[in-house]
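Chain and residue survey
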Amino acid sequence: EAQVTQNPRYLITVTGKKLTVTCSQNMNHEYMSWYRQDPGLGLRQIYYSMNVEVTDKGDVPEGYKVSRKEKRNFPLILESPSPNQTSLYFCASKRGSSSGANVLTFGAGSRLTVL
Amino acid sequence: GQQVMQIPQYQHVQEGEDFTTYCNSSTTLSNIQWYKQRPGGHPVFLIQLVKSGEVKKQKRLTFQFGEAKKNSSLHITATQTTDVGTYFCASSGYSTLTFGKGTMLLVSP
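In this report, the structure presented in the accompanying data block is examined.

**Things to note about the packing of aromatic side chains**
Residues and elements named next belong to chain A. Evaluation of the coordinates by the stated rule reveals 11 aromatic pairs over all chains. Aromatic side chains tyrosine 64 and tyrosine 89 sit 5.9 Å apart centroid to centroid with 65° between the ring planes, which places their arrangement in the edge-to-face category. In this pair, tyrosine 64 is assigned in the loop between strand E6 (54–57) and strand E7 (65–66) and tyrosine 89 in strand E9 (residues 87–94), connecting sequence segments 25 residues apart. The exposure classification of tyrosine 64 matches that of tyrosine 89, with both residues buried.

Below is the structure:
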């Protein structure tokens, strides 16, 4: 089944304890992206990657890192989490940027709480 | 993608009533996409509109793209409880997809 898989789905952690949220897709998509969703703010893009070894900042990149060493994986790293990073995180992928390849497939989401 | 504003933020209807959400931009959009997120779920793609004045239908859902490609709407006829969720529009640029803040729809039986 074509899908985007995120782990963990739920995590409670403490301020300053480094964590990684993994994201993997099995559709051979070139483009991958991370979004965070907060009440009243909708979906905001954190980072995106247009291909292997190519990453770029989205609208809210502060406090996050990403890497794209393989096409299928796009982990989100929080080096020193803070309470304002408590949020629902979505990884998403799409085939490319042309009109016919521009549809995002989302993972199930990772709910992160930073105490 | 360009910034898009969505209204209303929230709407509560009785089952059987119609519902419309609007997506507006100050600039011309190359295309517009619509996604639905069920409570506790993730956004799921509904449709993409590309042409000026385009209208597409999916059963009870009607999607429109304005003539000037600066606005779009999603209309649901005779809502059902299964329509509950948040509806997002999204504009796509070359490298990003920018989402509106969404319209949350609640349907009472």
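**Examining the sheet that holds strand E1 (residues 4–7) of chain A**
All names here are of chain A. Taking strand neighbours across the sheet as the criterion, the four strands line up as E1-E3-E8-E7 in an open arrangement whose pairing is antiparallel. A strand with exactly one partner marks an edge of an open sheet, and here the two such strands are E1 and E7. Sheet topology places strand E3 (residues 19–25) next to strand E8 (residues 76–78); three bridges connect them, and they run antiparallel. Within the sheet, the bridge partner assigned to valine 21 lies in E8 and is leucine 76.

**Structural notes on the pairing of strand E5 (residues 42–51) of chain A**
Residue and element names in this part refer to chain A. For E5, the buried fraction is high: seven of the 10 residues fall into the buried class. Bridge count between strand E4 (residues 31–38) and E5: seven bridges; the pairing is antiparallel. Note on E5: the bridge partner recorded for methionine 32 is serine 49. One ladder, built from four bridges, connects E5 with E6; its direction is antiparallel. Residue tyrosine 48 lies in a different strand from E6, and its bridge partner there is aspartate 56.

**Regarding the sheet that holds strand E1 (residues 5–7) of chain B**
Residues and elements named next belong to chain B. On the basis of which strands lie adjacent, the open sheet formed by five strands has the order E1-E3-E8-E7-E6 and antiparallel pairing. Of all the strands in the sheet, just E1 and strand E6 (55–58) have a single pairing partner and so form its edges. Strand after strand, the sheet turns through a mean of 15° between neighbouring axes, direction not considered.

**Let's talk about the interface of chain A and chain B**
Taken together, the contacts link 19 residues of chain A with 20 residues of chain B. Between chain A and chain B, roughly 1,700 Å² of surface is buried when both sides are summed, and carbon and sulfur atoms account for 54% of that area. If you sort the residues of chain A by the area they bury against chain B, A:Leu43, A:Asn102 and A:Phe106 come out on top, with a joint share of 27%. Linking chain A to chain B there are zero salt bridges. Scanning the region where chain A abuts chain B turns up five residue pairs in polar contact (both at pLDDT 80 or more).

**Brief notes about the nonpolar core**
Core analysis: the biggest nonpolar cluster contains 20 residues, and B:Ile32, B:Trp34 and B:Phe63 have the highest contact counts within it. Within the residue set of this core, elements represented by two or more residues are strand E3 (19–24), strand E4 (32–37), strand E5 (43–49), strand E7 (61–65), strand E8 (71–76), strand E9 (85–92) and strand E11 (103–108) of chain B. Not counting the four nearest positions on each side in its chain, B:Ile32 is found in contact with B:Val4, B:Cys23, B:Ile47, B:Gln48, B:Leu49, B:Phe65, B:Ser72, B:Cys89, B:Ala90 and B:Ser91. Grouped together as the second largest cluster of nonpolar side chains are 19 residues, A:Leu19, A:Ile46, A:Phe74 and A:Cys91 included.

The rules we used
Residues numbered from 1 in each chain as written. Chains lettered and ligands numbered in written order. Predicted model: local features only at pLDDT ≥ 70, side-chain atom pairs only at ≥ 80, totals over all residues. Heavy atoms only, no water. Phe/Tyr/Trp six-rings, centres within 6.5 Å; stacked < 30°, edge-to-face > 60°. Helix = DSSP H or I, 4+ residues; strand = E, 2+ residues; numbered from the N terminus. Buried < 20%, exposed > 50% of the residue type's maximum accessible area, 1.4 Å probe, protein only. Pairing = 2+ DSSP bridges. Axes fitted to C-alpha atoms, helices over the stretch in contact; angles between N-to-C directions. Contact = heavy atoms within 4.5 Å. Buried area = accessible area lost by both parts, 1.4 Å probe. Salt bridge = Lys/Arg side-chain N within 4 Å of Asp/Glu carboxyl O. Polar contact = N/O pair within 3.5 Å; in protein donor to acceptor, adjacent residues only side chain to side chain. Core = buried A, V, L, I, M, F, W, Y, C linked by side-chain atoms within 4.5 Å.

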